[in-house]
Amino acid sequence: MDSDFDPKILMKVKNLSKNYGGLKAVNDVSMDVYAGEILALVGDNGAGKSTLIKSLAGAIKPDNGEIDFNGKTIELLNPRDADNVGIGCLHQGLGLVDSLNVPENVFLGREIQKRFLGIIPQLDNEKMREKTINLLHQFGVSLPKLNDAVINLSGGQRQTIAISRLLLQNIKLVILDEPMAALGVEEGGHVLNLIKKMRSENISILLISHNLEHVFQLANRIAVMKNGKMIKIIKTSSTTKEEVVKLITFGKD
Amino acid sequence: MSKIPDKQIGNKDSTWFFQGIGLAIVMIVLWIIFSIINPRFGTITNFLTILTQASYYIILAVGMTFVITSAGIDLSVGSLLALVTVIGFELIKEGMDPLLGTLVMFILGGLFGSINGFLVSKLKIPPFITTLGMMVSLRGLALIHSAGKMHYGLPESLIWFGQGDIFYIPVPVIISILFVIFGIWLFNKTKFGLYVKAIGGNREAARLAGIPVNKIEILVYTFMGFTVALGGLIMIARIDSTQATIGTSMEIHVIAAVIIGGTSLFGGRGNIFGTLLGAILLSMMTNALVIAGVDYFWQLFIMGIIVISAVIINNYKEKKISFIKVK
C-alpha cells in the first residue's frame, strides 16, 4: 500500500521507535505530513512529542523505523542532514545563541564565505547581513538592530528570528516545538502571523503546542500522542476541543 | 509591516575596537601617573621592555581568549610551557636541528592541547578539572625530565627570536603583534571564531545548528597548545635558558589578561584586541612595581587582587550582579 506514493504526502513516517533504557519514548509511530498543511502534534508531558520531532530533525537517532521525504527514503544522522533535505526544526528554547547578533544567528551552521586574498576562506558578513534583511522583509519581521547580541531583543523578536533562520534554505517542512510558549499575547500574535505566512508559501508545518486555542486556529489536522504511541490523527474541522482533550487525557474518545 | 531603518543596521565589524577604547584610556592615564611618579618608567626603552615582557603573555592570552570564549578554561598552560621548553631545549642542545626542535615543541604543545580538548569535549570532564589535573601532571613530567637541571646555551638562530630586533623594534614584540592581528582575524572573520563564540554562548543550540561542537572544542585547546609552544619559544630565546619550574603561575597572568580585556568568563563573547591591552596593562603594572622596588611577593598579591577585581567588573557588565539598580 506504501508503494504508490501519494504526491500530496510530503513526509511519511513508518513505525518509528526510540527507547531510553526500558522506556519506550516513541513506540511504533506512523504518520503522514501533507504538503502545505499545518499538522499539530499534541499530548501530555512525556507523551513522546519532543522525542518524535527530534528524530525527524536529525537531533537524535531513532532505534527503528523509516522516514520517506518527498518520495525518497532518508536517513537523518545529524541536524545538517535534515537541513539538506529541507527539514527545519525550532527546538524548544534552543533557537538562538544569545551572545551572537541577528545575522550570525540566522546563518549559524551555514555561513556564507568569501576568499580573503583569493585563497583563504573567511566569513562574508556583509552578504549575510544583506540576506538577513531581505529574509526578514519577506516574512514581515521588523527589528530595531541587527548588530546587537540577540539577548537584547524581546522574546517575540527572538522567536521570529529563530523561525526565520529555518526559512533561509529551500525549506519544505518546518517543525516548531512550542513556538508560542513564554510569549505575551501580542508577541505570540507575531509568531502566529509568521506561521500563517509560511503556510501561504506552501511550507508544511509540524506544530507542537499545549495551547489548543492556537492549535484549533492554525492546524488542518491534529495528531494526538500518549505514552509514546500515536493515538489518532484527526481533521480539525471534524473534531472539538473536548474530544481532543479526552484523547490527550485518556488515549481514547 | 514596518521597514527596517537601514541606517541603524551598521556595516562594520569593529565593535571589538571600540570595546577596547575604555581600557586603552585607563592604560594611558596609568602610564602618565606612573611616569610622573618615576620618570624612569616613561622612557621609550622602558616601553619596549614592557612590550617585550608582555609578548609571550600576549601570545598565550590570544589562545586563552578562544578557550574562555568557548566557555572553557586552561590552567595547564604554565606547566605545558615548562614541559615543551625543557624537552625542546634539550633536543636542540644535544644537536637536533633548531628548526626540527622547534617543530617538536609545536607538536608537543598541540598534542597535549588536543588531549585537554578531548577530555573536555568527548569525556565531558569540566575544563577546570581537566586542566587542573593536566597542570599538575605536566609539571610532574617536566620535573621528571629535568628536575634540578638548568638548560642554557641556545644557538644564535633561535636567540634572535627572543633578543633580536628589526629597526629597533624587538622581534618578540613584532611576533606578538602579528599574532594578535592573526587572532583578531581568526576570531572575528572565520567560521572557527564564530563557532567558538556559538559553543560558548549556547552549546546545545550550536549542536542543533549543525556545528561540529566536539571537533571545534578539541581545535580550541589544540590551538591553545600551539600558542604555548610559540610563547615558550620566545620566552626561552629571550632568557636563553629554561628549567622545569618555568612558567609557574603563568596561567593566572594569562587568564587575567583575557578577563581584563573584556572577554566573558561565562563564554560566548570575547575580544582579542582587549586581550592585547589586558596583557600590556599587566606587564605595565609589574614593571611599575619592579621600578618602584616593590617585593616580588607583593607583586603576586597585587596580581591576585587585580584578577579578582577584573572578574567583579566582568560580572557586573554581564549583569550577574549589580551594585546599583540596573533599569
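Residues numbered from 1 in each chain as written. Chains lettered and ligands numbered in written order. Predicted model: local features only at pLDDT ≥ 70, side-chain atom pairs only at ≥ 80, totals over all residues.

*Asks:* Any chance you could explain the overall build of chain B here in plain terms?
*Replies:* From N to C terminus, chain B includes 13 helices and four strands. Computed over the C-alpha atoms, the radius of gyration of chain B is 20 Å, within 12% of the 20 Å expected from 2.2 N^0.38 for a compact globule of 327 residues. Judged by the C-alpha coordinates and their principal axes, chain B covers about 75 × 55 × 35 Å. Burial statistics for chain B: of 327 residues in total, 49% are counted as buried. Contacts spanning at least 24 positions in sequence make up 80% of the contacts within chain B whose residues lie at least 6 apart. (Helix = DSSP H or I, 4+ residues; strand = E, 2+ residues; numbered from the N terminus. Rg over C-alpha atoms; globule rule 2.2 N^0.38 Å. Buried ≥ 20, exposed ≤ 12 C-beta atoms within 10 Å, placed from the backbone. Contact = placed C-beta atoms within 7 Å.)

*Asks:* Explanation requested: the packing of helix 3 (residues 77–93) of chain B against helix 10 (residues 213–239) of chain B in the structure shown.
*Replies:* Residue and element names in this part refer to chain B. At a minimum axis separation of 9 Å, helix 3 and helix 10 run at an interaxial angle of 60 degrees. Compared by their axis directions, helix 3 and helix 10 come out oblique. Helix 3 and helix 10 meet at a crossing whose hand is right-handed. In this structure, helix 3 uses Val77, Leu80, Leu81, Val84, Thr85 and Phe89 to contact helix 10, whose residues at the interface are Met224, Gly225, Val228, Ala229, Gly231, Gly232 and Ile236. (Axes fitted to C-alpha atoms, helices over the stretch in contact; angles between N-to-C directions. Parallel < 35°, antiparallel > 145°, perpendicular 65-115°, else oblique. Left-handed = near helix turned anticlockwise from the far one by under 90°.)

*Asks:* Help me understand the sheet that holds strand 6 (residues 87–90) of chain A, please; the structure alone is not making it clear to me.
*Replies:* Strand pairing in a sheet takes place through backbone hydrogen bonds and is either antiparallel or parallel in direction. All names here are of chain A. Overall, mixed pairing links the six strands, which are arranged 6-9-10-3-11-12 in an open sheet. Across the chains shown, the open sheet's two edge strands, defined by having one partner strand only, are strand 6 and strand 12 (229–235). In this sheet, adjacent strand axes meet at a mean angle of 15 degrees when their direction is disregarded. Examined bridge by bridge, strand 3 (residues 38–43) and strand 11 (residues 221–226) share five bridges and lie parallel to one another. Paired with Leu39 across the two strands is Arg221, which belongs to strand 11. (Pairing = 2+ DSSP bridges.)

*Asks:* Even after reading the chapter, I still don't get the environment of A:Met11, so can you show me in this structure?
*Replies:* By secondary structure assignment, the location of A:Met11 is in strand 1 (residues 9–20). The contact partners of A:Met11, leaving out residues within four places of it in the chain, are A:Asp32, A:Val33, A:Ile67, A:Asp68, A:Phe69 and A:Leu173.

*Asks:* How do you make sense of helix 10 of chain B when you look at a structure like this?
*Replies:* An α-helical turn contains 3.6 residues, so any two residues separated by three or four positions project in the same direction. Residues and elements named next belong to chain B. Its 27 residues give helix 10 an end-to-end C-alpha distance of 39 Å, which sits within 8% of 39 Å, the value for a rise of 1.5 Å per residue. Of all 27 residues in helix 10, 21 are buried, a share of seventy percent or more. Phi turns positive, to about 45 degrees, at Asp240, one or two residues after helix 10. (Expected span 1.5 Å × (residues − 1).)

*Asks:* What is the right way to read the interface of chain A and chain B from this model?
*Replies:* Where interface size is given, it is often the accessible area lost as the parts come together that is meant. Taken together, the contact pairs 31 residues of chain A with 25 residues of chain B. Listing elements by their share of the side of chain A that touches chain B, those giving two or more residues are helix 2 (79–85), strand 8 (120–123) and helix 4 (125–138) of chain A. A per-element tally of the side of chain A that touches chain B places helix 4 of chain A first, with five residues. Counted by class, the side of chain A that touches chain B contains 13 nonpolar, 10 polar and eight charged residues. (Nonpolar A, V, L, I, M, F, W, Y, C, P; charged D, E, K, R; others polar.)

*Asks:* Could you clarify how one ought to interpret the pairing of strand 3 of chain A in this entry?
*Replies:* The side chains of a regular strand alternate, first on one face of the sheet and then on the other. Residues and elements named next belong to chain A. With six of six residues buried, strand 3 lies mostly within the body of the structure. Where burial is concerned, the two faces of strand 3 agree: the one with Ile38, Ala40 and Val42 and the one with Leu39, Leu41 and Gly43 are both buried. The pairing of strand 3 with strand 10 (residues 204–208) spans four bridges and is parallel. Paired with Leu39 across the two strands is Leu206, which belongs to strand 10.

*Asks:* Before we go on, may I ask you to explain the sheet that holds strand 1 of chain A in this structure?
*Replies:* Residues and elements named next belong to chain A. Overall, antiparallel pairing links the four strands, which are arranged 2-1-4-5 in an open sheet. Looking at the sheet topology across the chains shown, the edges are occupied by strand 2 (23–34) and strand 5 (72–74). Ignoring which end each strand starts from, the neighbouring axes of this sheet average 25 degrees apart. Pairing geometry for strand 1 and strand 2, over eight bridges, is antiparallel. Bridge assignment links Lys12 to a residue of strand 2, and that residue is Asp32.

*Asks:* Sorry if this is basic, but what is going on with the nonpolar core here?
*Replies:* For soluble globular proteins, nonpolar side chains are generally found buried alongside one another. Counting residues in each nonpolar core, the largest one holds 165 residues, and the members touching the most others are A:Ala40, A:Ile175, B:Tyr57, B:Ala61 and B:Val254. Counting residues per element, this core draws most heavily on helix 10 of chain B, which supplies 15 residues. (Core = buried A, V, L, I, M, F, W, Y, C linked by C-beta atoms within 7 Å.)

*Asks:* Sorry if this is basic, but what is going on with unusual backbone geometry here?
*Replies:* Notably, A:Asn227 is not glycine yet its phi reads approximately 50 degrees, a positive angle. Following the sequence through the fold, A:Asn227 ends up in the loop between strand 11 and strand 12. The backbone of B:Lys124 sits at a positive phi, close to 55 degrees, despite the residue not being glycine. Mapped onto the fold, B:Lys124 is located in the loop between helix 4 (98–121) and helix 5 (127–146). Exposure remark for B:Lys124: the 8 C-beta atoms within 10 Å place this residue in the exposed category.

*Asks:* Sorry, what's going on with the environment of A:Ser238 here?
*Replies:* All names here are of chain A. Structurally, Ser238 is set in the loop between strand 12 and helix 8 (241–250). Taking the number of C-beta atoms within 10 Å as the measure of exposure, Ser238 has 8 and is therefore exposed. Between the alpha carbons of Ser238 and Arg221 there is a distance of 9.3 Å; along the sequence they are 17 residues apart.

*Asks:* Got a minute to help me understand the environment of A:Ser99 in this structure?
*Replies:* Inspection of the secondary structure assignment puts A:Ser99 in the loop between strand 6 and helix 3 (102–106). Among the residues examined, A:Ser99 registers 22 C-beta atoms within 10 Å and is labelled buried. In this structure, the C-alpha to C-alpha distance between A:Ser99 and A:Asp148, residues 49 residues apart in sequence, is 8.7 Å. Not counting residues up to four positions away in its chain, the partners in contact with A:Ser99 are A:Ala149, A:Ile151, B:Lys197, B:Gly201, B:Gly268 and B:Arg269.

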